[in-house]
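Coordinates in review
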Amino acid sequence: MDKHHHHQMPLTKSASRQRYNEWVFRDVPSDITIEVDGGIISLHKFPLVSRSGRIRRLVAEHRDSDISRIELVSLPGGSESFELAAKFCYGVNFEITSANVAQLCCISDYLEMSEDYSKNNLGSRAEEYLDSIVCKNLEMCVEVLRQCENLLPLADELKIVGRCIDAVASKACVEQIASSFSRLEYSSSGRLHMSKQANCEDWWIEDLSVLRIDLYQRVITAMKFRGVRPESIAASLVSYAQKELTQKSVSGSNAQEKLVVETIVSLMPVEKFVIPLSFLFGLLRSAVMLDCMAGCRLDLERRIGSQLDIATLDDILIPSFRHAGDTLFDVDTVHRILVNFSQQEGDSDDDMEDVSVFESDSPTATPSQTALFKVSKLVDNYLVEIAPDANLKLNKFIAIAEALPAHARTVHDGLYRAIDVYLKAHQALSDPDKRRLCKLIDFQKLSQEAGAHAAQNERLPLQSIVQVLYFEQLRLRSALFCTYPDDDIKPMHQSWRINSGALSAAMSPKDNYASLRRENRELKLELARMRMRLNDLEKDHVCMKRDMQKSSSRRFMKSFSKRIGKKFNIFGHSSSRESTSPSRHSERTDSKITDRT
C-alpha cells in the first residue's frame, strides 16, 4: 500500500470482488451490502456488528430484510480506510503504521469501534500506537500530519493533529538543547563556553516542507512558542517557500502562492538578520506580483529597510506588475523602503549612546553614518537605472533622491549623473522643472571631473552652470592660496555670490538671461586665467626643486625670493576691475574654451 496515496478511486463492483474476495469468507453467503464512494461491497453482518456500533444501529433499522444495504456517507479516508476497518473486524492481520494510523483513528471514531462494543477494538489499538510510538518520533509525527491533511476536521477534533504538533515542537526543542550542551567545552582558562564549530543544520527542516501550508503554520507557531532557535525557524521558512514558490510554481495557483507568501511573512522571527536579505527581496517581488495584503508587503519593506545597507542594485530593481502605462520598475515600493531605512537610521542615532560597541568601516563614523553612505551610493545607482524610463514622473524621481537626509551624500557625482541621464531622456522637460531638478545637486560636492563635465553640459539650466563655474573658481583660488599661504589674495568672489544668487524681480526675463550669460562668460575667463596661473606655479615649483638640488643654500634662497616676489607682484596689483573686465588677451584665451551655454 502506497503510504503517500491519499485519494481513492470509486470502488466498482468488479474491483470490490477482486479485492475483498482475498480475505472475506467465501463459503458463507453475504448478508449485508455496504456502499462506499459509489462502490458496492458484499460482506457479513456478524463480524461488522460485533465491532462497530454504527453498523450495529444501521443493521437494526433493516431487520425486515435478510440482506441489508447500507450507505456510508462522508466516510473519513474513503474506501481505503473502510477496507482496513473491515479487515480488523474479520480478524485479518495488518500492520499499523504512521501512514495509516490517522485513518484508523478517524474511521474507528466514525464507525464507533470503541471498547464499548469489543475489547481491544480498533480505536484503542490506533490510539495506543499514536501515543506510544508516533509521538516519540519526529519524522513519524510529520508523516501522520501529512495524512491528516485529508482527514480534517475530524483529525483535529480527535486531537490527532494537536498531539503530533506538540510532539514535533517539543522534540525539535529538546534536540536543539541537547545539541547546545554537546557543544559546551572548557577553555584553557577553565571557563565553560560554546565551541565555535559550525552548527549542523536541523534535519527536520526538509521534513516539514512536505506539509500543507495550514498545518505547517501551526507547527512553526508551536516551535516558536517552545523556544526553537530563530535561525532554525528562518531556515525552515526559506526551505518551505523555495519549494512552494519555485518547484510548484508551474502547477500552483496564484491564490495558493499568495497564501504561502502571506503565511511565511507572518511566521518570520522578530530577530534581525536571521532572514537572508535576498530571500526578503524575493518574497517582496512575489508579494507585489500576487497583490498580497498591504500588511504583508509593509512588513517586508520594514524588514528590508532595517538592513538596506547590505542590499545590491539588483535587489531593489523590483519589476512593476501593473498596467502597461506604468514605470518599468516599482518605484513606489523602493521609496517606502527608503523611508523605512531613513526613519530607522534616525531612531538609531537618537538612541545610540555608546557607539564604541558597534563595528564601523572608519574610526570616526558611526554604523548609522556608514550605512547612510552605502545606501546613498545604492540610491544614486538606482536613479541612474530608472532615469531613462519615459513614464517616470519628475515627482517620483525627486522623491527617491530626497528620501535620504542631506548629509547622506558626501559626494554628489552619482546624483549628478542620474539627473543628467533623466534630462537626456526627458528632453521635453520645462525650464522650471529643470531648475527644480537641479536644485537637488550641491555643486560644491562635485568632484573636479564632474564639475568640468557640468560646466559644459548644455542640458543643465543656465543658473546651474553659473553655480558650477563659481564653485570651480573657488576651488582653483583655494588651490592657489594653499600653494602660497602668505599671498594676500583678495576675496573677489563676494560680488559673484551676489550676482549668482536670486535675480532681481525688477529685471525683465531678457535682462536676467543676459546677466546670467555675462556672469557665465566672466566666470569662464576667470577660471582660464586661474588655471594658467596654477600651471605657472607648478612649473616654478619644479624649477625650485631643481635649483635646490644644484645650488648652494644662499643661491637657492636668492632665486626663491625673486620668484616669490614676482608672484606677489602679480596678485598684489590685480584688481576686481581687471578680473571682471577681461583684456583682449583674455578674450582670445576664452575663445579656445568651449562655450555651450
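Computed from a predicted structure; not experimentally measured.

1. A look at the overall build of the protein
Helix and strand counts for the protein stand at 28 helices and five strands. Going through the 597 residues of the protein one by one, you find that 45% of them count as buried. Long-range contacts, defined as pairs at least 24 residues apart, comprise 70% of the intrachain contacts of the protein with a sequence gap of at least 6. Total accessible area on the protein is roughly 32600 Å²; 51% of this is exposed by carbon and sulfur atoms.

2. As for helix α15 (residues 294-305)
The first and last C-alpha atoms of α15 sit 16 Å apart over twelve residues, in line with the 16 Å expected at 1.5 Å per residue. Of the positions making up α15, those classed as buried are C296, D299, L300, E301, R303, I304 and G305.

3. Some thoughts on the packing of helix α5 (residues 101-110) against helix α6 (residues 122-132)
Relative orientation of the contacting elements α5 and α6 amounts to 145°, with a least axis distance of 9 Å. Considering only the axes of α5 and α6, their crossing is left-handed. For the pair α5 and α6, the contacting residues are V101, L104, C105, I107 and S108 in the first and L122, G123, A126, E127, Y129 and L130 in the second. In the contact of α5 with α6, the residues fall into eight nonpolar, two polar and one charged.

4. Some thoughts on the sheet that holds strand β1 (residues 32-36)
Taken in spatial order, the three strands line up as β2-β1-β3 in an open sheet, and their pairing is mixed. Whereas interior strands pair on both sides, the edge strands pair on one side only; in this sheet they are β2 (39-43) and β3 (68-71). Each neighbouring strand pair of the sheet contributes to a mean axis angle of 20°, computed without reference to strand direction. With four bridges connecting them, β1 and β3 associate as parallel partners. Note that in β3 the partner of E35 across the bridge is E71. The strands touched by helix α4 (residues 78-89) within the sheet are β1 and β2, with β1 carrying the most contacts at an inclination of about 145°.

5. Focus: the pattern of salt bridges
Evaluation of the coordinates by the stated rule reveals 14 salt bridges. Two residues, R57 and E112, come together in a salt bridge whose shortest N-O distance is 2.8 Å. Of this pair, R57 sits in helix α3 (residues 53-60) while E112 sits in the loop between α5 and α6; the two residues are 55 residues apart in sequence, bridging distant segments of the chain. Classification of E112 as partly exposed rests on a relative accessible area of 22%. We note a salt bridge from R218 to D156, for which the minimum N-O separation is 2.8 Å. In this pair, R218 sits in helix α11 (residues 213-226) while D156 sits in helix α8 (residues 154-157), placing the two residues 62 residues apart along the sequence. In this structure D156 comes out as partly exposed when scored by relative accessible area, which is 30%. Beyond isolated ion pairs, a larger network of salt bridges with shared partners links E127, D131 and R163.

6. As for the packing of helix α12 (residues 230-247) against helix α13 (residues 254-267)
The contact between α12 and α13 brings their axes to 11 Å, and the two run at 170°. Between α12 and α13, the crossing angle belongs to the class labelled roughly antiparallel. Contacts from I233, L237, Y240, A241, E244 and L245 of α12 reach α13 at Q256, E257, V260, V261, I264 and L267. Split into classes, the residues belonging to the contact of α12 with α13 amount to nine nonpolar, one polar and two charged.

7. Re helix α20 (residues 413-425)
Compared with the 18 Å implied by 1.5 Å per residue over 13 residues, the 18 Å span of α20 between its first and last C-alpha is a close match. For α20, the full list of buried residues reads L415, Y416, A418, I419, D420, Y422 and L423.

8. Description of the environment of D389
In this structure, D389 sits in the loop between α18 (367-386) and α19 (394-401). Judged by relative accessible area, which is 17%, D389 ranks as buried. Taking the C-alpha atoms as reference, D389 lies 9.7 Å from D326; in sequence the two are 63 residues apart. Here D389 is in contact with T327, L328, F329 and H426, once residues within four sequence places are set aside. A distance of 2.9 Å separates a polar side-chain atom of D389 from the backbone nitrogen of N391.

9. Digging into the confidence of the model for the protein
Counting all residues, the mean pLDDT for the protein is 76, and 64% of those residues have values of 70 or more. Low pLDDT, under 50, characterises residues 1-17; the predicted model gives this stretch 33 contacts beyond four residues in sequence or across chains. Contacts from residues 560-597, a stretch scored under 50 in pLDDT, to residues over four places away or in other chains number 47 contacts.

Definitions and limits used
Residues numbered from 1 in each chain as written. Predicted model: local features only at pLDDT ≥ 70, side-chain atom pairs only at ≥ 80, totals over all residues. Heavy atoms only, no water. Helix = DSSP H or I, 4+ residues; strand = E, 2+ residues; numbered from the N terminus. Buried < 20%, exposed > 50% of the residue type's maximum accessible area, 1.4 Å probe, protein only. Contact = heavy atoms within 4.5 Å. Areas by Shrake-Rupley, 256 points an atom, 1.4 Å probe, with all protein chains shown as cover. Expected span 1.5 Å × (residues − 1). Axes fitted to C-alpha atoms, helices over the stretch in contact; angles between N-to-C directions. Left-handed = near helix turned anticlockwise from the far one by under 90°. Nonpolar A, V, L, I, M, F, W, Y, C, P; charged D, E, K, R; others polar. Pairing = 2+ DSSP bridges. Salt bridge = Lys/Arg side-chain N within 4 Å of Asp/Glu carboxyl O. Parallel < 35°, antiparallel > 145°, perpendicular 65-115°, else oblique. Polar contact = N/O pair within 3.5 Å; in protein donor to acceptor, adjacent residues only side chain to side chain. pLDDT = per-residue confidence, 0-100.

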